Amino acid sequence: MTDAAGRNYCIRTDKLTRKFGDLTAVDHLSLNIPAGEIYGFLGPNGSGKSTSIRLICGLLSPSSGKVEALGYSIPRQAEKLKSRLGYMTQKFSLYQDLSVDENLRFIASIQGLPKKIRESRIRELRRQFHLEKNRDQLTGTMSGGQKQRLALAAAIIHNPSLLILDEPTSAVDPESRREFWEYLFELVGQGMSILVSTHYMDEAERCHRLAIIQKGRLRAEGEPRKLMSGLGAEVFLAHGRSDELIHWRKELVSHNDIPGCTQIGNSLRIMITSGRKNPEAWLSSTFPFLGKVEQTRPNLEDVFVKATHQDHIQEEGRL
Amino acid sequence: MIRTDKIRAMVYKELKQLQRDRLTAAMVFGIPVMQLLLFGFAINYNVRNIPAAWCDQAESVKSRQIIQDIQAGQVLDLQIQTRTPEELRQLIQSGKVRAGVLIPQDLSSRLQDNRSSFQILTDGSSSVVTGAVTSLASLPLYQGEHSIDYRNQEALPIQVLPLYNPEQRTAVEVIPGLIGIILTMTLMLFTAIALVRETEHGSMEMLITTPVSPMEIIIGKLLPYIGIGIFQTILVFLLGILVFRLPVNGRITDIALAVLMFISSTLSMGLLISSFVKTQFQAVQVSIFILLPSILLSGFVFPYEGMPAFARGLSKILPVTHFIELMRGIVLRGAGIAEMPLQIGVLLLFIVITMSLAWLRMRNKQLD
Ligand SMILES: Nc1ncnc2c1ncn2[C@@H]1O[C@H](COP(=O)(O)OP(=O)(O)OP(=O)(O)O)[C@@H](O)[C@H]1O
Ligand SMILES: [Mg+2]
């Protein structure tokens, strides 16, 4: 799929909407996801990441709006997409009562790998994902990290052009997560397009591009670095005792120009909407109890907090 | 779309899982064996030594011979002799004995006239006793030229009035029906669970995004259970023949055809259940909901003739009712499958309807 400017996309959605009864799980989501990159969906629980992914895979039909994946109109042409799509479900979906090899063989036959190359491909994957020692182990008895590697191996067994991963690392330790992301970059290096959902900031930061989704709506979109530099807010740190900070925070977040305030140890991370000449002075004069404050660089969490802050105000107001 | 290599992969995977699932594997084998032995022996009561009394009003050589004969037969244990028929009746009523043999004064003239020669009074409240005594009465006790036919029982002063189980049953009669119950019990549940397991566990979501078609998934999931159903049927027949000397009067091909048709109807029921429920637990619940009437209303436990109209209506909807009739007809009466077009027709109709419903619900290769 190429647009007028010659850019290549693997997925395009247009006002994609999916309702479950009264709940709108995905709400007018319009995205152009470039091919050959890692694209991230960042969003809290229930924000509609999995539902969007299922709409893209053709597992669900949209209530309205359009989806195109690899140039196929979904769900109408979902059958055609299947042989070129690798999908790793949020929940581990291989068979716990089968061994590593049995699972891989099953997926290989289901994916239609020719018999001749089946065993060599499985051998290759076993080596690539360090599963040689586990080949006869029942999958149910493996560790979270090993299961994750196996699921990834199974998802790419047929060399798909598009790989979609739904929160692939939510059950593994930081070390395994790092390793997992190295695999993803390897795959992208081989020309695969990857869509990955996550609620980890550090993972989101490693994506080429990112969509921040909340309550089914797109809140921010772009390269992580640009999102951070274009935050539209300034971030300051104030220091104090933990018990003071709790009260300070309450007072600060009730102010309209402070979209976010987070306690980190003995400091408060305060975000102020841009547009003020001297935000530091304003902060000290409006909230004299803060004492000395220092400016710091915005991170992705700030982007996330700011992008989603409208709903937090509503929610806290309701409480 | 049906491709054999995909189906083979599904079947192989399913069998591997079955093999690892010890409990299910044990059930495949255990349920038929256990049920056959339980039902077979419980109903093939080889009853002996029923406490009994006798009243010999004839007091002749013949009458004493009859009493000796009955005693030797061991079905009745003649413990008390009474002087009057009234005493005999009281003994039965009070429960001291279960049966009474009454030989009338005019025994010899009755034998000559070929009238009912003597009576056995039974405690009709126990079907076991009645069954045993009735079978006793239908056997000629004397051999050779002294042979007397006692079978004419029209003139009994106390009728043999069994309160339960009015049809006399033996293991032989039970086995054909038991096959229907066993197949319903195991196959419907197994298929429903096997399919729901994929959905509940999340693997269906993965399968749907692969090039395997829904038809291939369903066929691949069902085939192993067709095999299991055939295995169970053969097992029950073999045990029935070896342990209970089940006579197989009909043609094997007719039996096979009927069994295959019934297996298909059970599988399609399981399939339909799986398309409606979300969890394996719900699948079990719904299966039990269907299993109970299948056992109680199919004519397996209570005879169809004794049911109220409502129950009869329900009974006629259940495929197992028709299967049991088919099996009794073919196996016991030696009927050909063509002689029972109604049962065949109902089974086929049931398969077509449930399969279509299930397919309508499952053909959409989507999650919702
Ligand atoms: N099949 C369904 N029926 C009804 N509601 C659903 C269904 N699937 C999802 N939802 C609802 O849609 C919303 C979005 O769910 P979704 O699973 O897409 O979120 P998510 O971002 O993947 O969350 P998580 O991080 O917890 O996986 C939730 O409120 C959820 O309850
Ligand atoms: Mg999710």
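Criteria and cut-off values
Residues numbered from 1 in each chain as written. Chains lettered and ligands numbered in written order. Predicted model: local features only at pLDDT ≥ 70, side-chain atom pairs only at ≥ 80, totals over all residues. Heavy atoms only, no water. Helix = DSSP H or I, 4+ residues; strand = E, 2+ residues; numbered from the N terminus. Buried < 20%, exposed > 50% of the residue type's maximum accessible area, 1.4 Å probe, protein only. Contact = heavy atoms within 4.5 Å. Areas by Shrake-Rupley, 256 points an atom, 1.4 Å probe, with all protein chains shown as cover. Expected span 1.5 Å × (residues − 1). Arc of directions from axis to C-beta. Salt bridge = Lys/Arg side-chain N within 4 Å of Asp/Glu carboxyl O. Buried area = accessible area lost by both parts, 1.4 Å probe. Polar contact = N/O pair within 3.5 Å; in protein donor to acceptor, adjacent residues only side chain to side chain. Nonpolar A, V, L, I, M, F, W, Y, C, P; charged D, E, K, R; others polar. Pairing = 2+ DSSP bridges. Axes fitted to C-alpha atoms, helices over the stretch in contact; angles between N-to-C directions. Donors = N, O, S within 2.8 Å, 3.2 Å for Na, K, Ca; no water. Parallel < 35°, antiparallel > 145°, perpendicular 65-115°, else oblique. pLDDT = per-residue confidence, 0-100. Domains from an automatic or database assignment. Phe/Tyr/Trp six-rings, centres within 6.5 Å; stacked < 30°, edge-to-face > 60°. Lys NZ or Arg CZ within 6 Å of the ring centre and 35° of its normal.

## Things to note about the overall build of chain B
When its secondary structure is counted, chain B shows 14 helices and 4 strands. Among the 368 residues that make up chain B, the fraction classed as buried is 51%. For chain B, the proportion of contacts with a sequence separation of at least 24, taken over those separated by at least 6, is 78%. Of the roughly 17,700 Å² that chain B leaves accessible, carbon and sulfur atoms contribute 62%.

## Digging into helix α11 (residues 280–296) of chain B
Residues and elements named next belong to chain B. For α11, spanning 17 residues, the distance from its first C-alpha to its last is 24 Å, which sits close to the expected 24 Å at 1.5 Å a residue. By the burial criterion, the buried members of α11 are A283, S287, I290, L291, S294 and I295. Buried residues of α11, viewed axially, fall in a sector of 135°; they line one side. What points out from α11, more than 90 degrees from its buried face, is the exposed set F281 and F289.

## Examining the pattern of salt bridges
All names here are of chain A. For the coordinates displayed, the defined rule picks out 26 salt bridges over all chains. With a shortest N-O distance of 3.0 Å, E124 and R121 are connected by a salt bridge. Placement of the pair is E124 and R121 together in helix α4 (residues 115–128), with a separation of 3 residues, close to one helical turn. Classification of E124 as partly exposed rests on a relative accessible area of 39%. Given the relative accessible area of 9%, R121 is considered buried.

## Concerning the interface of chain A and chain B
Tallying the contact residues gives 32 residues for chain A and 25 residues for chain B. Contact between chain A and chain B buries roughly 2,600 Å² in total, counting both sides, with carbon and sulfur atoms accounting for 57%. The three residues of chain A that bury the most area against chain B are A:L59, A:Y95 and A:I110, which together make up 25% of that side's buried surface. Put simply, chain A and chain B have 2 salt bridges between them. Two residues, B:E205 and A:R54, come together in a salt bridge whose shortest N-O distance is 2.8 Å. Linking chain A with chain B are 11 residue pairs in polar contact (both at pLDDT 80 or more). Elements with a contribution of two residues or more to the side of chain A that touches chain B: α1 (49–57), α2 (78–82), β6 (85–88) and α3 (100–110) of chain A. By residue class, the composition of the side of chain A that touches chain B is 14 nonpolar, 10 polar and 8 charged.

## Details of the sheet that holds strand β12 (residues 260–264) of chain A
Residue and element names in this part refer to chain A. Strand order in this open sheet of 4 strands is β12-β13-β11-β14, and the pairing throughout is antiparallel. Edge positions in the sheet fall to β12 and β14 (293–296), since each has one partner strand and no second. This sheet shows a mean twist of 25° between the axes of neighbouring strands, independent of strand direction. The pairing of strand β11 (residues 233–239) with β14 spans 4 bridges and is classified as antiparallel.

## Some thoughts on the coordination of the magnesium ion (ligand 2)
For the magnesium ion (ligand 2), the full set of protein donor atoms is A:S50 (OG) and A:Q90 (OE1), at a range of 1.9 to 2.1 Å. With A:S50 in helix α1 and A:Q90 in the loop between β6 and α3, this residue pair connects regions lying 40 residues apart in the sequence.

## Here we look at helix α1 (residues 4–20) of chain B
In this model α1(B) runs 24 Å from its N-terminal to its C-terminal C-alpha over 17 residues, within 8% of the 24 Å that 1.5 Å per residue would give. The complete set of buried residues in α1(B) reads B:K6, B:I7, B:A9, B:M10, B:V11, B:K13, B:E14, B:K16, B:Q17 and B:L18.

## Description of the packing of helix α10 (residues 252–276) of chain B against helix α13 (residues 319–332) of chain B
Residues and elements named next belong to chain B. Contact geometry for α10 and α13: axes closest at 10 Å, N-to-C directions at 170°. With respect to α13, the axis of α10 lies roughly antiparallel. Contact residues: α10 offers D254, I255, A258, V259, F262 and S265, while α13 offers P319, V320, F323, L326, M327, I330 and V331. Residues belonging to the contact of α10 with α13 are distributed by class as follows: 11 nonpolar, 1 polar and 1 charged.

## So, the sheet that holds strand β4 (residues 64–69) of chain A
Across a sheet, strands are paired by hydrogen bonds formed along the backbone, either parallel or antiparallel in direction. All names here are of chain A. Pairing in this open sheet of 4 strands is antiparallel, and the strands run β2-β1-β4-β5 from one edge to the other. Looking along the sheet, the strands with just one partner apiece sit at the ends: β2 (23–34) and β5 (72–74). Taking the axes of each pair of neighbouring strands and ignoring which way they run, one obtains an average angle of 25° across the sheet. Note that strand β1 (residues 9–20) and β4 share 5 bridges and pair antiparallel. Pairing of R12 across the sheet is with E68, part of β4. Across the face of the sheet, α1 comes into contact with β1, β2, β4 and β5 while running at roughly 120° to β1.

## Overview of the confidence of the model for chain A
Per-residue pLDDT for chain A averages 87, and the proportion of residues at 70 or more is 95%. Within the model, pLDDT remains below 50 along residues 312–319 of chain A, and this stretch shows 3 contacts once partners closer than five positions in the same chain are excluded.

## Brief notes about the domain arrangement of chain A
All names here are of chain A. Along its sequence, chain A is carved into domain 1 (9–222) and domain 2 (228–315). Placing the centre of domain 1 and that of domain 2 at their C-alpha centroids yields a distance of 36 Å. At the junction of the two partners, domain 1 supplies 12 residues and domain 2 supplies 9 residues. Taking both sides of the interface into account, the surface hidden between domain 1 and domain 2 amounts to around 950 Å²; carbon and sulfur atoms contribute 70%. On inspection of domain 1 and its partner domain 2, the count reaches 0 salt bridges.

## Quick notes on the packing of aromatic side chains
Under the criterion given, the structure shown has 7 aromatic pairs over all chains. Look at A:Y39 and A:F41: their rings are 6.1 Å apart centre to centre, the planes differ by 80°, and that puts the pair in the edge-to-face class. Across the ring face of A:Y200, the terminal group of A:R177 is positioned such that the distance to the ring centre comes to 3.6 Å. Taking the ring centre of A:F106 as reference, the NZ or CZ of B:K13 above it sits at 5.5 Å.

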